[in-house]
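Next come the chains, spelled out residue by residue.
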Amino acid sequence: MKRRDVNLGRTDENIAEQYLNLCEGLQKDAGQNSWDARATKKGKNWKLEFRYIPNLNSLTIEDFGTRGMNAKRWKEYQSLWDTTKAEEVTLGARGQGKFLFHYFATNKLVLTESIDEEGNYRFSFGTSEEYDDETKKLTDLIPSEKPLGHQGTRIWIMDLKQELKDELLDYKAFMNYIAATWWEIVRNWDATFIVNFNGTDHKVMFPELPVAEQEKVFANEKVSDLGRVKKVVLRYCKNEVPELFRGIAVQRGGMTIVRLPVSAEETIKNKIYGYCTFDEDLELELKRVEFPNHFGFMNKKAWNHAKEYIRRKSDAFVQEISPIKKKEITLPQDLIERAVRIVNDLVRQYAPELAGEVIRSGGHGKTEGDGKKREVPKIRIDTFWGSARKLEYDESLITNCELVNDTDNAAKLQLEMEIRHEEDTRKFNAKYAIDLDGNKKERIDIPLVDFQENIDKPGEYKATAILTNGAGIEPHKRSFTFYLHEEPPPPRGRVFLNTMRFLYGKGKPFERRRQLPLTDKGVLYIVFDHADFTHVRELAGSKKAQKHEVFLYAIKCGIDEAIQKLLEFRYNEGQLDTDEISVIKDTCDAMYYDAVLTPTA
Amino acid sequence: MTKRKVRPGILRREKIVVNGKEIEVDTFDAKVVLGSGKELESIDELLTEEEIENAIQIALKEIEIIAQKYPDREKNVWYCYEVGKVLQFVDTKGFTDRRGLIWRRMAFDLRPDLFNRRKKDTEESKRYPEFMYHLGKQSKKNVRRATFNQWREILKFKEIYEDENKEFLEQILTICEKEGLSRQRIKKLRESKYSFSGEGHSKYK
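None of these values were measured; they are calculated from a predicted model.

When helices and strands are counted, chain A shows 15 helices and 25 strands. Counting the 601 residues in chain A, one finds 53% classified as buried. Sequence separation of 24 or more characterises 68% of the internal contacts of chain A that already satisfy a separation of 6 or more. With an accessible surface of roughly 28700 Å², chain A has 48% of that area assigned to carbon and sulfur atoms.

Residue and element names in this part refer to chain A. Note that Arg 235 resides in strand E10 (residues 227-237). One polar contact links Arg 235 to Glu 215, side chain to side chain, over a distance of 2.5 Å. Residues within four places of Arg 235 in sequence aside, it is in contact with Ala 212, Gln 214, Glu 215, Lys 271, Ile 272, Tyr 273 and Phe 317.

All names here are of chain B. Mapped onto the elements, Phe 108 comes out in helix H4 (residues 99-110). For Phe 108, a relative accessible area of 18% corresponds to the buried category. Sequence spacing of Phe 108 and Ser 125 is 17 residues, and the spatial spacing of their C-alpha atoms is 5.8 Å.

Looking now at unusual backbone geometry. Residue and element names in this part refer to chain A. Here Asn 57, not a glycine, exhibits a phi torsion of approximately 50°, which is positive. Examined against the element boundaries, Asn 57 turns out to sit in the loop between strand E1 (47-53) and strand E2 (58-64). Not every positive phi belongs to a glycine, and Asn 220 is a case in point at roughly 50°. Of note, Asn 220 is situated in strand E9 (residues 212-223). Residue classification places Asn 220 among the partly exposed residues on the basis of a relative accessible area of 48%.

Another aspect to go through is the confidence of the model for chain B. All names here are of chain B. Mean pLDDT over chain B works out to 83, with 87% of the residues at or above the 70 mark. Within chain B, helix H11 (residues 183-191) has the poorest average pLDDT of any element, 75, and helix H2 (residues 77-87) the best, 95. Predicted confidence for residues 197-205 stays below pLDDT 50, and this span has 13 contacts to residues more than four positions away or in other chains. In the predicted complex, the global pTM is 0.53; the interface-specific ipTM is 0.84.

Among the nonpolar cores identified, the biggest contains 78 residues, and Phe50(A), Phe104(A), Ile157(A) and Phe193(A) are the most heavily contacted of them. No other element matches helix H7 (residues 171-189) of chain A, which puts nine residues into this core. Those residues in contact with Phe50(A) that lie beyond four places of it in its chain are Gln27(A), Ala30(A), Thr60(A), Ile61(A), Phe174(A), Ile178(A), Phe193(A), Ile194(A), Val195(A), Asn196(A) and Phe197(A). In this structure, Ile66(B), Trp151(B), Phe168(B) and Leu181(B) belong to the second largest nonpolar core, which totals 50 residues.

Residue and element names in this part refer to chain A. Among the residues making up helix H9 (residues 280-288), those that are buried are Leu 282, Glu 283, Leu 286 and Lys 287. Buried residues in H9, looked at end-on, bunch into an arc of 140°, giving them a common side. Turned more than 90 degrees off the buried face of H9, the exposed positions are Glu 280 and Asp 281. Contact partners of the buried residues in H9: E9, E10, strand E11 (247-252), strand E13 (272-278) and helix H10 (301-321).

Listed by partner, the interface residues are 30 residues for chain B and 34 residues for chain A. Of the roughly 2800 Å² buried between chain B and chain A, counting both surfaces, carbon and sulfur atoms make up 68%. Counting every contact that joins chain B to chain A gives three salt bridges. Ionic pairing is found between Arg501(A) and Glu14(B), a salt bridge with its closest N-O pair at 3.2 Å. Linking chain B with chain A are seven residue pairs in polar contact (both at pLDDT 80 or more). Residue assignment for the side of chain B that touches chain A shows that the elements contributing at least two residues are strand E1 (11-18), strand E2 (21-33) and helix H1 (39-69) of chain B. Considering each element in turn, the side of chain B that touches chain A owes the most residues, eleven residues, to E2(B). Residue classes in the side of chain B that touches chain A are distributed as 15 nonpolar, five polar and ten charged.

Residue and element names in this part refer to chain A. The residue Glu 395 is located in the loop between strand E15 (390-391) and strand E16 (396-397) in this model. Among buried charged residues, Glu 395 stands out as having no salt bridge; its nearest opposite-charge side chain is Lys 300, 4.1 Å away. In terms of polar contacts, Glu 395 uses its side chain to reach the backbone amide nitrogen of Glu 392, at 2.9 Å. When sequence neighbours within four positions are dropped, the list of residues in contact with Glu 395 reads Asn 299, Lys 300, Lys 301, Lys 390, Val 449, Asp 450 and Phe 451.

All names here are of chain A. Taken N-terminus to C-terminus, the directions of helix H13 (residues 531-539) and helix H14 (residues 543-572) make an angle of 150°; their axes are 8 Å apart at the nearest point. By the angle class used here, H13 and H14 are roughly antiparallel. Considering the relative orientation of H13 and H14, their crossing is right-handed. On the side of H13, the interface is formed by Asp 532, Phe 533, Val 536 and Arg 537, while H14 contributes Gln 546, Glu 549, Val 550 and Tyr 553. Partitioning the contact of H13 with H14 into residue classes produces four nonpolar, one polar and three charged.

A word on the sheet that holds E13(A). All names here are of chain A. Reading across from one edge, E9-E10-E13-E11-E12 is the order of the five strands in this open sheet, with mixed pairing throughout. Looking at strand neighbours, the two that pair on one side only are E9 and strand E12 (255-260), the edges of this open sheet. On average, each strand axis in the sheet is tilted by 20° relative to the strand beside it, whichever way the strands run.

We now examine the pattern of salt bridges. Taken as a whole and judged by the stated rule, the model has 52 salt bridges over all chains. Here Lys156(B) makes a salt bridge to Glu153(B), at a shortest N to O gap of 3.3 Å. For Lys156(B), a relative accessible area of 41% corresponds to the partly exposed category. Under the relative-accessibility criterion, Glu153(B) is labelled buried at 2%. Among the charged side chains, a network of salt bridges with common partners joins Glu308(A), Arg311(A), Arg312(A), Asp315(A), Arg443(A) and Asp445(A).

Further remarks concern the pairing of E10(A). Residues and elements named next belong to chain A. The buried count for E10 comes to eight of eleven residues, which makes it a mostly enclosed element. Sheet topology places E9 next to E10; ten bridges connect them, and they run antiparallel. Looking at the pairing, Lys 222 lines up with Arg 228 of E10. Counting the residues between successive antiparallel strands, the hairpin from E9 to E10 contains three residues, one of them, Ser 224, with a positive phi of roughly 45°.

Procedures and definitions
Residues numbered from 1 in each chain as written. Chains lettered and ligands numbered in written order. Predicted model: local features only at pLDDT ≥ 70, side-chain atom pairs only at ≥ 80, totals over all residues. Heavy atoms only, no water. Helix = DSSP H or I, 4+ residues; strand = E, 2+ residues; numbered from the N terminus. Buried < 20%, exposed > 50% of the residue type's maximum accessible area, 1.4 Å probe, protein only. Contact = heavy atoms within 4.5 Å. Areas by Shrake-Rupley, 256 points an atom, 1.4 Å probe, with all protein chains shown as cover. Polar contact = N/O pair within 3.5 Å; in protein donor to acceptor, adjacent residues only side chain to side chain. pLDDT = per-residue confidence, 0-100. Core = buried A, V, L, I, M, F, W, Y, C linked by side-chain atoms within 4.5 Å. Arc of directions from axis to C-beta. Buried area = accessible area lost by both parts, 1.4 Å probe. Salt bridge = Lys/Arg side-chain N within 4 Å of Asp/Glu carboxyl O. Nonpolar A, V, L, I, M, F, W, Y, C, P; charged D, E, K, R; others polar. Lys, Arg positive; Asp, Glu negative; His and termini not counted. Axes fitted to C-alpha atoms, helices over the stretch in contact; angles between N-to-C directions. Parallel < 35°, antiparallel > 145°, perpendicular 65-115°, else oblique. Left-handed = near helix turned anticlockwise from the far one by under 90°. Pairing = 2+ DSSP bridges.

Shown next, in the form of structure tokens:
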């Protein structure tokens, strides 16, 4: 075996690409490293200071009340991905975040000082590629500064890059990032964060959030066989919650990893915040599937179960606080369903690294006998689809199922759902008795189905749902197919939108349009140099963010086209009135919501 | 379960039908096919194609300035040499493997007038910029040693690109200088089995 060549010189750039917001990432990684190193469990006298030194154009990150680095920790700190922390209850896992510090320095130069419990002083200087902790002292490099004089660590990011400096030195924004990430340890352990970017020490305080009108707390509940949720707190406020704090904060070890948006109307959603904490077992499970940048989780069993748990609690909470019941949206015709599925397919099925999770969609979701025009039953399975068309072991299938009763009378219904492997072995079976009021739509909470190696066979699986009401009416049946540890075949049949292409519009009759009408072959041409599209690309900081934005923009164009077609369709049917326009607008917003908000969760 | 990679492409001029009318537009080769599982790779490719297009536009502006210095550009070895220098951007920006597509875009779609004027077919249009690109790699001193026609043939010798020490090029340039070989003779020489085949190229007489 030969050792692979590694270009460490670009490590910091590669790592920086993983962050949508570098400044937010910087405080998170610094805080995480330092909180992990706290000298006492409750962080007594723990303090982290971010200080800008104008004459050196440098940023120092200095911690107090920590253990400092002994020989072992010093060695680990100087290496990349050489850590066993993923199996420990600390916050860090891959030892890569500190390489972000190098990215902020013009010449990638970072100096580090540390004093451990025995009073040993250590100093190093280096880039992402190499370091030296033997030949020089701090004063050799910065004669005007004294070496670190207390147990702890101080990091010097030398000569900040001009293009990152302005954003970084916006101390209010920086403090907000800290507050949004570390509010739990600030509140519980009185952890101190100091930001001094303009010569004055600013202490990060526990954020002042609007007064809660309603609160719901769930405690100590089991999540599958993975562990327990320690606490879920949901609050509905009188006034709008600041943007950084909206949604449900998913906490691990005192740090907010991600905020899950609440599924509700804008006016309600903006007034809800909350958080969720886990016991040690579930925290460890979640840590294993956490993104290395600490900004989300992978589409794995632990996260899927935890997220589904939070979603159910927040859905129930929203239902409770909604002043008016959500307007029932009549089953949109096939066109919308297909377009929504496309959006969700794109975001979750084919780009899980963007979404960091799988929520719904996938599968064909066709009613039996598709292809022929048939009447839509008044009582029916409205939605039935799976989270992904392809699953791997250790992932879960999330089934989205909604029933509709379009009659004026309540109905007693039975829903049976099963999942079978292509060789006819049954994987899952469940029966539900449902009382569904007239003119109502209801979501059915189907449990997550996990797939494990050596237990579940790879290959094609079919999920089927049958709805009966025991009154002799023909049962309504829907199904979808998905593939376990096997590449699905290419989609069959005609779809609404097949291909997106891009062209330059300058000087052409359509230069002010975002996209051209969908062709007969399902090709959507998107105008690449449209001012809005150009703006979207320019705003994206990194290439990864740019890719993300292009992807979302293309999806939005697809949605716009679907809505346009739907309006035409309704108009031709003579059904287009102000109510219908409003319903279509709501649908459009819901599609945007799925396409835009879900990936950031 | 390896996925096929997205095919490298470029912007190209093509005709599409918009509201029943045929319009010539510049479209990207990259296309996002929903459900292909390669959506993100396709966007990567799209952004690369944009990067290439921007580089092409910059290069064309530079070439326009060069063209102003050479009112008579036909068969002008120095014009080709200077343009060839600009065309080195394909190497510096890491687009070497797509240079055929880039030449097509520059010499067929955008500015055939800067590359031997006549609009030829797509394949043929690539040859002139390719020649310029290789000429641009030569030293000024060497360019001086042969005529335009001679260079057109010289740069077709495969051996030139395999010989790191440039001994082969040196030999053929020496012969060109001494004997003033015509383009036809160089071509024959290249096709001849007696052409340079090692041992100090001594078989050529």
